[in-house]
Amino acid sequence: MKDIYLCNSDFDIDYLNSFLKENGGNHVSHLIFLQDKEIYWTSDQRVLIGYKRIANKLVVLSDPIGEESFIQGAIREFNEYSKRKGLKPIFYQISPEFMAYYHETGYRFLKLCEEGTVNLQNFSQ
């Protein structure tokens, strides 16, 4: 199996833009455009995963992006890719929608924080 990924030097903003328009994204997809991450494309190029290598880990911000029917396979494929490289894959800020896929791939879960929304017009100390 051939590893397909784009490094920062190969970053094709037009292709990424059209992929996101066609497949949607998630709450942090826009951060990929900072070009401080690498992009892993699954072997069939139907799902992308934005990640950053930190020491011996590949840290993914949020879920893979692509058609829902391909997400579970993408999680498995990225897990295998990481392990072939001798690195540990970590998914950060995942959605509950795909938690079963991560669990079936062998991931364990750790709650780091929560987010909240505050109406500033009605907020007082």
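Residues numbered from 1 in each chain as written. Predicted model: local features only at pLDDT ≥ 70, side-chain atom pairs only at ≥ 80, totals over all residues. Heavy atoms only, no water.

Visitor: So what exactly am I meant to see when it comes to the overall build of the protein chain here?
Guide: Within the protein chain, the secondary structure is distributed over three helices and six strands. Listed N to C, the secondary structure of the protein chain is β-α-β-β-β-β-α-β-α in terms of helices and strands. Expressed as lengths along the three principal axes of its C-alpha atoms, the size of the protein chain is roughly 55 × 35 × 30 Å. Per-residue burial over the protein chain gives 33% buried out of 125 residues. Carbon together with sulfur atoms contributes 50% to the accessible area of the protein chain, which is approximately 8300 Å² in total. Taking the average place of the 14 positive charges on the side chains of the protein chain and the average place of its 17 negative ones, the gap between the two points comes to 9 Å. (Helix = DSSP H or I, 4+ residues; strand = E, 2+ residues; numbered from the N terminus. Buried < 20%, exposed > 50% of the residue type's maximum accessible area, 1.4 Å probe, protein only. Areas by Shrake-Rupley, 256 points an atom, 1.4 Å probe, with all protein chains shown as cover. Lys, Arg positive; Asp, Glu negative; His and termini not counted. Charge placed at Lys NZ, Arg CZ, Asp CG, Glu CD.)

Visitor: Explain the nonpolar core to me, please; I cannot follow it from the model alone.
Guide: The nonpolar side chains of a soluble globular protein tend to be buried, and buried together. Residues Tyr51 and Phe78 are the most contacted members of the largest nonpolar core, which totals 16 residues. Here the element with the most residues in this core is helix 2 (residues 71-84); it accounts for five residues. The contacts of Phe78, once residues within four sequence positions are left out, are Tyr40, Ile49, Tyr51, Leu58, Val60, Pro89 and Phe91. The next biggest cluster of nonpolar side chains, apart from the first, holds eight residues, and it includes Phe19, Ile32, Leu48 and Ile65. (Core = buried A, V, L, I, M, F, W, Y, C linked by side-chain atoms within 4.5 Å. Contact = heavy atoms within 4.5 Å.)

Visitor: Is there a simple way to explain a nonpolar patch on the surface in this structure?
Guide: Among the surface-exposed residues, Tyr92, Leu110 and Leu112 lie close enough to one another that they form a single nonpolar patch of about 340 Å² accessible area. One can find Leu112 in the segment after helix 3 (99-105). (Patch = residues over 30% accessible without salt bridge, like charges linked within 9 Å, V, L, I, M, F, W, Y side chains within 5 Å. Salt bridge = Lys/Arg side-chain N within 4 Å of Asp/Glu carboxyl O.)

Visitor: When you look at the pattern of salt bridges in this model, what are you seeing that I'm missing?
Guide: Opposite charge on two side chains allows them to pair when their charged atoms are near. In total, this model carries one salt bridge according to the counting rule given. Its salt-bridge partner being Asp36, residue Lys37 comes within 2.5 Å of it at the nearest N-O pair. Judged by relative accessible area, which is 34%, Asp36 ranks as partly exposed.

Visitor: Looking at this structure, how should I read helix 2?
Guide: One full turn of an α-helix is made of 3.6 residues, so residues set three or four places apart face in the same direction. With 14 residues, helix 2 should cover 20 Å at 1.5 Å per step; its first-to-last C-alpha distance of 20 Å lies within 8% of that length. Turning to helix 2, its buried residues are Ile71, Gln72, Ala74, Ile75, Glu77, Phe78, Asn79, Tyr81 and Ser82. (Expected span 1.5 Å × (residues − 1).)

Visitor: Looking at this structure, I do not really get the confidence of the model for the protein chain. What am I missing?
Guide: Close inspection of predicted coordinates is inappropriate in any region flagged by low pLDDT. Chain-level statistics for the protein chain give a pLDDT mean of 87 and a share of 91% at 70 or above. Considering each helix and strand of the protein chain separately, the mean pLDDT is smallest for strand 1 (residues 4-6), with a value of 46, and largest for helix 2, with 97. Here residues 1-9 scores under 50 on pLDDT; set against residues more than four positions off or in separate chains, the count is 25 contacts. (pLDDT = per-residue confidence, 0-100.)

Visitor: Help me out: how do you make sense of the pairing of strand 6 (residues 88-92) in this one?
Guide: Side-chain direction in a regular strand flips from residue to residue, so the side chains alternate between the two faces of the sheet. Along strand 6, the buried face is formed by Pro89 and Phe91; none of Lys88, Ile90 and Tyr92, which line the opposite face, is buried. Sheet analysis places strand 4 (residues 57-61) next to strand 6, joined by five bridges and oriented parallel. In the strand pairing of strand 6, Lys57 is matched with Lys88. (Pairing = 2+ DSSP bridges.)

Visitor: Sorry if this is basic, but what is going on with the pairing of strand 3 (residues 47-54) here?
Guide: Sheet analysis places strand 2 (residues 38-41) next to strand 3, joined by four bridges and oriented antiparallel. Each bridged residue has a counterpart across the sheet, and for Glu38 the counterpart in strand 3 is Tyr51. Where strand 2 hands over to strand 3, the hairpin turn is made up of five residues, of which Gln45 adopts a positive phi near 60°. Bridging between strand 3 and strand 5 (residues 65-66) involves two bridges; their strand directions are antiparallel. Note that in strand 5 the partner of Val47 across the bridge is Gly66. Where strand 3 lies against strand 4, four bridges are found, and the strand directions are antiparallel. Residue Arg53 lies in a different strand from strand 4, and its bridge partner there is Leu58. Counting the residues between successive antiparallel strands, the hairpin from strand 3 to strand 4 contains two residues, one of them, Ala55, with a positive phi of roughly 55°.

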